[in-house]
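Here is what each chain is made of, one letter per residue.
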Amino acid sequence: MRWLLGIFVCVSCVYARHEQYDKSALFNVKVKDVEQINYFNSLDYPLDIWMYATQERDGIVLVPKDYVQLFQDELNSKGIEFVIEVENIKDSLELEDKLRADKARNRAMRSDNDLLVNFDDIYNLTEVNNYLKKIAEAYPDVVTLVNGGKSFEGRDMNYLKISNSKFEDASKPIIFIESLLHAREWVTLPATLYAIEKLVVNVTDQYLIDDFDWIIMPVANPDGYEFSHDGGRFWRKNRRNGLLPGDVCLGVDLNRNFDIFYSLGSSNNVCSDIYHGTSAFSEPETQVIRDILHSDDRIEIFLDIHSFGNLILYGWGSGDLPENAFALHVAGIQMATAIDEVKEDWNLNYRVGNSALVLYPASGTAMDYGLKAGVPLSYTYELPARRNSGSTIFGFLVDPDFIKPSAVQTWEGIKAGAIFLRNTRRNLA
Ligand SMILES: *[C@@H]1O[C@H](CO)[C@@H](O)[C@H](O)[C@H]1NC(C)=O
Ligand SMILES: *[C@@H]1O[C@H](CO)[C@@H](O)[C@H](O)[C@H]1NC(C)=O
Ligand SMILES: [Zn+2]
């Protein structure tokens with residue numbers, strides 16, 4: 001009886017977890033001119049735009065159950081073509097759970113080296129923090145675990161400093177990589193965990209640790225990330241509350257909260273997924289990243305890892321080009337090329353460019369703030385989303401079979417960036 005009850009409780013909790021997304025539909029919107037693009041990108045009823053539309057690319061949007069009919073009618077009346085990619089996104093969420101559970105079952109039967117990550121699942125916050133602690137304890141000469149501060153809800157903002165010269169060699173540039181600033185972009189986590197593994201546990205490119213110091217923060221938005229596991233899978237922002245009576249909406253888009261063009265390309269509406277907060281750096285999470293960026297003028301590469309879109313983007317988010325745009329572009333192309341060389345056939349080539357031109361204007365981003373803080377090579381990566389053979393896009397959902405390839409491919413890009421930096425510094429010397 002107790003056993004039966006246990007099953008029942010668990011099944012119902014899994015179901016309850018995705019109930020809020022029941023009958024939400026994922027639309028692919030085939031915009032064909034600037035007017036349609038602008039219309040799509042300015043939609044403001046509670047739609048969740050996963051991919052903004054551009055001249056080259058369809059828009060992708062998750063439409064809540066109550067708006068599905070309205071949205072279709074509106075697209076039809078405007079003569080905009082669309083395809084419903086997923087009728088009920090809850091089915092996709094349950095598929096993700098199932099695929100992950102299958103892997104976990106297999107894994108339980110293996111004995112693993114617990115300093116090597118299993119790149120067939122997405123670790124949750126507790127697991128990441130345990131891993132960071134273990135790595136730091138096992139490799140005290142190269143790894144330092146730093147608690148950079150607390151998130152809004154009081155979780156630790158942990159990161160690793162990785163160096164074989166105790167961060168004391170002034171001639172080494174620092175590479176700072178961070179992921180999960182947006183909570184739901186789960187596939188970005190393995191990219192930073194893999195970097196840690198390749199710099200500490202399974203070093204095959206010694207020059208990466210001899211010639212560079214590293215700062216790696218796998219979970220830049222711990223509250224949002226935890227919530228995306230146990231609250232709502234498609235949560236993007238942090239979890240600041242108290243902004244509206246009864247918290248009808250909450251959370252700040254951390255990637256709009258940095259002090260650079262603040263509020264020019266973001267939303268003042270708390271309910272928006274790109275709500276910029278009450279002021280620049282109002283959020284403890286962005287303050288921690290700001291402080292890292294200012295902590296050492298040796299930081300020469302900053303990568304803010306997001307998903308999805310197969311893009312390597314640089315500033316400014318306003319559309320103006322920074323003084324070093326040429327170097328940013330060349331290094332970006334080298335990173336993209338390195339990734340493209342190892343990617344799967346189904347995967348799109350990376351595109352490289354100014355974020356406003358390639359994607360859309362945005363203000364208050366980590367990438368732009370990195371540049372403002374003096375980091376010359378500051379980028380947003382948008383990692384690929386898995387597509388199945390029918391080319392349905394998984395979007396933010398993770399296919400466990402694509403975790404390792406994604407991490408390995410991204411690492412090729414990071415390495416190419418490091419090599420670019422080393423070569424240009426050598427030429428300057
Ligand atoms: C995180 O994973 C651990 C198992 O490793 C589990 O006990 C815990 O409940 C998980 N937390 C969340 C929020 O899913
Ligand atoms: C170490 O990394 C290499 C490639 O970078 C890989 O082929 C090898 O399997 C890794 N070793 C372990 C124990 O994971
Ligand atoms: Zn993002």
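The model shown is predicted, which means the values in this text are computed figures rather than measured ones.

Visitor: For the pattern of salt bridges, give the residues involved together with the corresponding values.
Guide: Evaluated as defined, the whole model comprises 27 salt bridges. Lys90 is the partner of Glu19 in a salt bridge, and the nearest nitrogen-oxygen pair spans 3.9 Å. Here Glu19, found in the loop between α1 (2-18) and β1 (25-30), pairs with Lys90, found in helix α4 (residues 89-108); they are 71 residues apart in sequence, far enough to count as distant. For Glu19, a relative accessible area of 41% gives the class partly exposed. The exposure class assigned to Lys90 is buried, which follows from its relative accessible area of 9%. With a closest N to O distance of 2.7 Å, Asp156 and Lys150 form a salt bridge. Looking at Lys150, the relative accessible area reads 46%, which means it is partly exposed.

Visitor: Pulling in residues and values, what's your account of the packing of aromatic side chains?
Guide: Applying the stated criterion to the full structure yields 19 aromatic pairs. With a centroid separation of 5.5 Å and an interplanar angle of 70 degrees, the aromatic rings of Phe258 and Phe281 are classed as edge-to-face. Here the residue Phe258 occupies a position in the loop between α8 (222-230) and α9 (284-293), and Phe281 occupies one in the loop between α8 and α9, the gap between them amounting to 23 residues. Pair check on accessibility: Phe258 and Phe281 agree, each one buried. Lying across the ring of Trp186, Arg233 places its NZ or CZ 3.5 Å from the centre. In this structure, Arg239 is placed above the aromatic ring of Phe227, and the distance from its NZ or CZ to the ring centre is 3.5 Å.

Visitor: How would you sum up the state of the cysteines? Please name residues and give values.
Guide: As used here, a disulfide is simply a covalent bond connecting the sulfur atoms of two cysteines. On inspection of all chains with the given rule, the structure shows one disulfide. Covalently, Cys249 is tied to Cys271 through a disulfide, its sulfur atoms 2.0 Å apart. Handedness here is read from the sign of the S-S torsion; for Cys249 and Cys271, about 95 degrees, the answer is right-handed. Of this pair, Cys249 sits in the loop between α8 and α9 while Cys271 sits in the loop between α8 and α9, placing them 22 residues apart in sequence. Residue class for Cys249 comes out buried when judged on its relative accessible area of 17%. Overall, the relative accessible area of 41% leaves Cys271 in the partly exposed class.

Visitor: Quick rundown of the domain arrangement of the chain? Include the residues and the values.
Guide: The assigned domain composition of the chain is domain 1 (19-98) and domain 2 (108-428). Between domain 1 and domain 2, the C-alpha centre-to-centre distance is 26 Å. Taken together, the 19 residues of domain 1 in the interface contact 23 residues of domain 2. Taken as a group, Trp50, Tyr52 and Glu96 account for 36% of the area that domain 1 buries against domain 2, more than any other trio of residues on that side. The closest approach of N and O atoms between Arg351 and Glu56, which form a salt bridge, is 3.7 Å.

Quick notes on the rules
Residues numbered from 1 in each chain as written. Chains lettered and ligands numbered in written order. Predicted model: local features only at pLDDT ≥ 70, side-chain atom pairs only at ≥ 80, totals over all residues. Heavy atoms only, no water. Salt bridge = Lys/Arg side-chain N within 4 Å of Asp/Glu carboxyl O. Helix = DSSP H or I, 4+ residues; strand = E, 2+ residues; numbered from the N terminus. Buried < 20%, exposed > 50% of the residue type's maximum accessible area, 1.4 Å probe, protein only. Phe/Tyr/Trp six-rings, centres within 6.5 Å; stacked < 30°, edge-to-face > 60°. Lys NZ or Arg CZ within 6 Å of the ring centre and 35° of its normal. Disulfide = S-S within 2.5 Å. Domains from an automatic or database assignment. Contact = heavy atoms within 4.5 Å. Buried area = accessible area lost by both parts, 1.4 Å probe.

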